[in-house]
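# Secondary and tertiary structure notes
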Amino acid sequence: MRFTQKQIAAEAERIFARLQHVKWTREDCELIAPLTLEINLLKKEQDALILAHSYQTPDIMYGVADFLGDSYGLSRIASQHPAKKIIFCSVHFMGETAKILSPEKEVLVPTVAGCSLAESITARDVKALRRRHPGAGVVCYVNTSASVKAESDACCTSANVVKIVEAMPQKDIIFIPDKLMGQNMRGMTSKNIILWNGTCIVHDHFTPETVEEVKKLYPGVRVLAHTECEPAVIGKVDMAGSTSQMLDYVSKTDAKTFMLVTECGLSDRVRAENRDKEIVGTCNLCPYMKKIALKDVLTSLKEPSLKQAITIPEGILKRAKRSLDRMFALEREYDAKKGHG
Ligand code: 13P
Ligand code: SF4
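So, here's what we can say about the structure. Worth saying up front: this structure is predicted, and the values here are computed from it rather than measured.

Cut-off values and rules
Numbering of residues begins from 1 in every chain and follows the order in which that chain's sequence is written. By the order in which they are written, chains take letters starting at A while ligands take numbers starting at 1. Only residues with pLDDT of 70 or above have their local features reported here, since the model is predicted, and side-chain atom pairs are shown and tallied only from 80 upward, although totals for entire chains, interfaces and linings are computed over all residues. With hydrogens and water set aside, each side-chain value is computed from the structure's full complement of heavy atoms. Pairing between two strands requires that DSSP report at least two bridges joining them. A run of H or I in DSSP becomes a helix once it reaches four residues, and a run of E becomes a strand once it reaches two; helices and strands are each numbered from the N terminus. Only the stretch in contact is used when a helix axis is fitted, and all axes are lines through C-alpha atoms; the angle between N-to-C directions ranges over 0 to 180 degrees. Any two residues whose heavy atoms approach within 4.5 Å at even a single point are treated as in contact. Space inside and on the surface of the protein is sampled on a 1 Å grid over the protein atoms alone, with a cavity defined as a set of points where a 1.4 Å probe fits but cannot get out and a pocket as an open set with protein on both sides within 12 Å along at least 5 of 7 lines; lining residues have an atom within 4 Å of a point. Grid points are joined across faces, edges and corners, and a volume is the space filled by probe spheres set on the points. Here the term charged refers only to Asp, Glu, Lys and Arg, the term nonpolar to Ala, Val, Leu, Ile, Met, Phe, Trp, Tyr, Cys and Pro, and the term polar to all other amino acids, Gly among them. Put simply, a disulfide is two cysteine sulfurs that come within 2.5 Å. The classification of residues rests on relative accessible area computed with a 1.4 Å probe and restricted to protein chains. Under 20% of the type maximum is buried, over 50% is exposed, and intermediate values are partly exposed. Given the number of residues in a helix, its expected span is that number minus one, multiplied by 1.5 Å. Working definition: the arc comes from the directions between the helix axis and the C-beta atoms, pointing outward to the latter. Put simply, a residue is near a molecule or strand once any heavy atom of it comes within 4 Å of that molecule or strand. Identification of polar contacts relies on pairs of N or O atoms within 3.5 Å, with a donor-acceptor requirement for protein atoms, meaning one able to donate a hydrogen and the other able to accept it, and with residues adjacent in sequence counted only if both atoms are side-chain atoms. To measure how exposed things are, a 1.4 Å probe is used in the Shrake-Rupley method; for residues, cover is taken only from the protein chains shown.

Our next topic: the sheet that holds strand β1 (residues 48-53). Across the sheet, four strands lie side by side as β2-β1-β3-β4; this open sheet has parallel pairing. Sheet topology places β2 (67-69) and β4 (106-108) at the edges, where each strand pairs with a single neighbour. Within the sheet, the average angular offset between the axes of one strand and its neighbour, ignoring direction, is 20°. Contacting β1, β2 and β3 (85-89), helix α4 (residues 71-80) runs over the sheet at an angle of about 170° to β1.

Another point: empty space enclosed by the protein. Applying the stated criterion across every chain yields a total of two cavities of 30 Å³ or more. For the largest cavity, the calculated volume is near 230 Å³. Of the residues in the lining of the largest cavity, the class split is 13 nonpolar, eight polar and two charged. By volume, the second largest cavity amounts to about 40 Å³. Lining the second largest cavity are Tyr72, Ser75, Arg76, Thr97, Leu101, Val142, Thr157, Leu324, Met327 and Phe328. Secondary structure elements with two or more residues in the lining of the second largest cavity: α4, α5 (92-101) and α15 (314-338). Considered class by class, the residues forming the lining of the second largest cavity number six nonpolar, three polar and one charged.

Turning our attention to the state of the cysteines. Tallied over the full model, the rule gives one disulfide. The structure places no disulfide on cysteine 229, whose sulfur is separated from the nearest cysteine sulfur, that of cysteine 200, by 7.9 Å. Cysteine 229 gets classed as buried once you look at its relative accessible area, which sits at 0%.

Here helix α1 (residues 5-19) spans 20 Å end to end across 15 residues, near enough to the 21 Å set by a 1.5 Å rise per residue. Every buried residue of α1 is accounted for by Ile8, Glu11, Ala12, Ile15, Phe16 and Leu19. Along α1, the residues classed as buried sweep out an arc of 140° about the axis, all on the same side. Taken together, the buried residues of α1 touch α2 (26-45) and α3 (58-63).

What follows concerns the site of ligand 1. Every residue near ligand 1 is listed here: His53, Tyr55, Asp70, Ser71, Met94, Asn143, Ser158, His203, His226, Glu228, Ser242 and Thr243. Residue asparagine 143 places a side-chain N or O atom 3.3 Å away from an oxygen atom belonging to ligand 1. Measuring from an oxygen atom of ligand 1, one finds a side-chain N or O atom of serine 158 at 2.7 Å. Notes on ligand 1: free accessible area 300 Å², of which the protein chains cover 96%. Grouping the constituent residues of the shell around ligand 1 by class yields two nonpolar, eight polar and two charged.

This part takes up unusual backbone geometry. A cis geometry characterises the amide bond from isoleucine 176 onward to proline 177, with omega recorded as -10°. Here proline 177 lies in the loop between β7 (172-176) and α9 (179-188). Phi is positive for aspartate 47, close to 55°, though the residue is something other than glycine. Following the sequence through the fold, aspartate 47 ends up in the loop between α2 and β1. Classification of aspartate 47 by relative accessible area gives partly exposed; the value is 32%.

What follows is the structure, given as structure tokens:
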């Protein structure tokens, strides 16, 4: 597709307004402008919606995405938005979750990318766990395949995990697959948590020492961590939650300096959207999330491959949907009991 110099310059300027805060130059933005122009044009023509998780690269987040968010928020948007086609810029299980919630929509992921948590457990493993712990309820973290969701009683996300575990009727809860999040739930809920040995390769690398060093170096810094980090890290931070809950905390807190113990994409979002806040310390990159490039988003619109389209066998989809629907119901139940929601 050909664009005029004027169109390219205007598009580069639009992107630069955000990306300059994450160290992109005007020239970098001029280079990607023809791509973002073409993607945004095709998106309109095809009535497609582009969703991007906060761990995506800034060119995707601010160049072409219609909505940014966490796994929970984006899947809800996917199911409620009238668009017929969803391009989900994130890992495969998030695309699957959107498809489970909106089976009538065409859902595509630009690149097929896994996740160390989702790959740590199969449907067969869940069946074996049930046999080993009869009577226990099974809560699966959203970072799982559709077939694992289909074998679980209820799903949860990092944004509502405490509510779901608490609202389950059983005292014994098999929590899969994130061992560290499960350990954190032992401290945050009254349930007896049975663990699985999965971890997130991005969050299991952070140590309490890293947090201590940053706190010494930057007095007054607020440290926020994703609940996929180990309990020793969570014990040292000011706030623990999902990616969106962390963003919310940053924008609503008066402090100026923050450390985000999570994937680097979230720090980029704060830099691009909260100009008055400073991010210090380290972050880690997720090799799965960062597999997607703008050119892949373009192919998913222009000449989608079979691999990019999310398909789930009907039987699995129906049972996986039950576990997601149960999540929404349990959350409502919990909120009603606590008198909010
Ligand atoms: P959120 O649900 O908090 O966006 O987290 C997803 C994820 O993959 C975290 O590592
Ligand atoms: Fe999976 Fe961790 Fe990457 Fe999230 S950050 S997609 S949990 S590997």
